[in-house]
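Summary of structural features
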Amino acid sequence: MKAVYAKCRKHPAAMLFLACLLALAFCACAVWKLADNQKEPKLPGSGQEGEYSLDGPERVQLPRKLVKVGFVQVGHESDWRIAMTKSCMEIFSEENGYELYFLDADNQPQAQVEAVRRFIREPVDYLIIAPILTTGWTAVLKEAYHADIPVILLDRTIDCDERYYAAWFGSDFVQEGRYAGQWLQSYLNRQGRGADDINIVAINGTLGASAQLGRTEGFAEYLKRHREWNLLAEECGDFTESGGRAVMEQYLETFEKIDVVICQNDNEAFGACAAMDEAGISYGKDGDVIVISFDAARAGLEAVMDGKINADFECNPLSPPYAARAIRQMRAGVPLKKKHFYLPEDCFTSDENPMLLVSENGTKQMRSVTRSLLEERAY
Ligand code: GYE
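The shown structure was predicted, so the numbers you read here are calculated from the model rather than taken from an experiment.

Concerning the nonpolar core
By size, the foremost hydrophobic cluster in this structure holds 56 residues, and its most contacted members are Phe92, Leu127, Ile128, Leu141 and Phe169. For Leu127, the contacting residues outside a window of four places in its chain are Gly70, Val116, Phe119, Ile120, Ala144, Ile149, Pro150, Val151 and Ile152.

Quick look at the structure:
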């Protein structure tokens, strides 16, 4: 290199040529670094994941100016939520070209709305919201719309005209509830208890959150079909371990015989299990009370592997990379092909022979949990 440089010094045209070569090499490196760093997924479009290849024309170079992103998070109530926050911090890093403004609303809906207003005043370039409740969003999202700040919703859905947000990435909560109902129906049949009276208690998530509403609605379809299933009570555990424990303690004092507890997330399930441990009641795979849960985060899956949770329906918390991907597409002027995207998810069980679940979209083979499966998982 030194030798080439020395030769070129004597010939200005050659010097210019060398400078161009170096600039080209630098650009190539920058593009390569971008592709390597981002680790953004392909956006799924109802099963047609190939639709969004990273090799498309939407690949853009990192902007020199950092992209300001305002992220309004629900809180830190569960393992699931913490996994989502971690994913947000990782993808919206300075290294990846972002300046992140993050708010943990500690489950206070009003704090979320105020943060959105603050971020609009900043102003940020993009707003990402994981809403606590379905309600209360129209006014503030209209403000973002008129300020020309695109909004991406993650996780729970909201009741608001679609034109006020650019995209939503999350889960089909109603389907999760249906899977839970279908699994219970088949499990009881397998046990020869298909015609027995079954006493069920539910520990709901934060009331008015679309995850709570959807899981309740989906499971209710199966409650309706089974007149022998008695829903004894449904109380709110706020998606927390302490909430789940308090509600279960109350149920154990009130009801003589409980066959099933359906917890709307893993942390509530841990709380319910602790309450049953304390009361000397057996549960899970070899116990008296069937435990159903949602999320399938790492600790939840360990509980499935240990036979404490009978069935756990996954809800994928790793939506932030999808939001980053959408932002890059918007910056490159590539229209998003769909407004609503469902993340890929599985269903897990401690059953020896995992069942095949059926939905409108096809079948889903439930999975058992092994050490090696746990090691492969990202959260
Ligand atoms: O199930 C729970 C969390 O909205 C899907 O919120 C999310 C739920 C998740 O705190 O663990």
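A short note on the sheet that holds strand β2 (residues 98-104)
Taken in spatial order, the six strands line up as β2-β1-β3-β4-β5-β11 in an open sheet, and their pairing is parallel. Where the open sheet ends on each side, the last strands, each with one partner, are β2 and β11 (340-342). Taken over all neighbouring pairs, the strand axes of this sheet differ in orientation by 15° on average, direction set aside. Note that strand β1 (residues 67-73) and strand β3 (residues 126-129) share four bridges and pair parallel.

A word on the environment of Gln365
With respect to the helices and strands, Gln365 occurs in strand β14 (residues 362-365). Using a relative accessible area of 42% as the deciding quantity, one classes Gln365 as partly exposed. C-alpha separation for the pair Gln365 and Met355, spaced ten residues apart in sequence, amounts to 6.2 Å. If we ignore the near neighbours within four places in the chain, the residues touching Gln365 are Cys347, Pro354, Met355 and Leu356. There is a polar contact of 3.0 Å between the side chain of Gln365 and the backbone oxygen of Pro354. Among the polar contacts listed, one links the side chain of Gln365 to the backbone oxygen of Met355, at a separation of 3.3 Å.

Conventions used here
- Residues numbered from 1 in each chain as written.
- Predicted model: local features only at pLDDT ≥ 70, side-chain atom pairs only at ≥ 80, totals over all residues.
- Heavy atoms only, no water.
- Core = buried A, V, L, I, M, F, W, Y, C linked by side-chain atoms within 4.5 Å.
- Buried < 20%, exposed > 50% of the residue type's maximum accessible area, 1.4 Å probe, protein only.
- Contact = heavy atoms within 4.5 Å.
- Pairing = 2+ DSSP bridges.
- Helix = DSSP H or I, 4+ residues; strand = E, 2+ residues; numbered from the N terminus.
- Axes fitted to C-alpha atoms, helices over the stretch in contact; angles between N-to-C directions.
- Polar contact = N/O pair within 3.5 Å; in protein donor to acceptor, adjacent residues only side chain to side chain.

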